[in-house]
Amino acid sequence: MTRFLITYHGMPYPQPDVISASRAALRKWTENFLGAALVDFGAPLLLGGQIAASEPVDAVEIDGYSIIEARSLADARALLSDHPYIALGGTIQINECLEL
C-alpha cells in the first residue's frame, strides 16, 4: 500500500465552535468511507512562517492535512471523491509519499 498526504486548501479558518462540529462530522465520514485506509486523521494548520537560506518560495496556505493508504493514486482519488471538504467549496490536494 502507498501512503498519500492529503492537504486541504481554500477555506477560511473557522471559529472554534464550528471546528468542533465539523471535525465530528469529518470523523464520522472517515469511519464510514475511509475505514482502515486512514493512517492519520490529521489536524487543522495555521501558517507559521518559512525558513530558507535565501528567498523563500511563495507560501502556500494549507488548512489541514490527513494521511491515507491506497493501492494507487486512482484508488486514493476514488476514496476522496465525495469528501465533505469538497462539498463545502474547498480543494483537496493528494501527494504520494515516496519511499526513499
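Preceding this section is the structure that the text describes.
Quick caveat: nothing in here was measured; it's all calculated off a predicted structure.

Caption draft 1: Spatial organisation of the sheet that holds strand β2 (residues 38-44). Ordered in space as β2-β3-β1-β4, the 4 strands form an open sheet in which the pairing is antiparallel. Here the strands that pair on one side only, and so sit at the sheet edges, are β2 and β4 (91-96). When strand polarity is set aside, the average angle formed by the axes of neighbouring strands in this sheet is 20°. With 4 bridges connecting them, β2 and strand β3 (residues 64-70) associate as antiparallel partners. Looking across to β3, one finds that D40 is bridged to I67.

Caption draft 2: View of the pairing of strand β1 (residues 2-9). In this sheet, β3 lies alongside β1 in antiparallel orientation, the contact comprising 7 bridges. Paired with R3 across the strands is E69, a residue of β3. Summarising the sheet, β1 and β4 pair through 6 bridges and their orientation is antiparallel. Bridging from a neighbouring strand, F4 pairs with E96 of β4.

About the thresholds
Residues numbered from 1 in each chain as written. Predicted model: local features only at pLDDT ≥ 70, side-chain atom pairs only at ≥ 80, totals over all residues. Heavy atoms only, no water. Pairing = 2+ DSSP bridges. Helix = DSSP H or I, 4+ residues; strand = E, 2+ residues; numbered from the N terminus. Axes fitted to C-alpha atoms, helices over the stretch in contact; angles between N-to-C directions.

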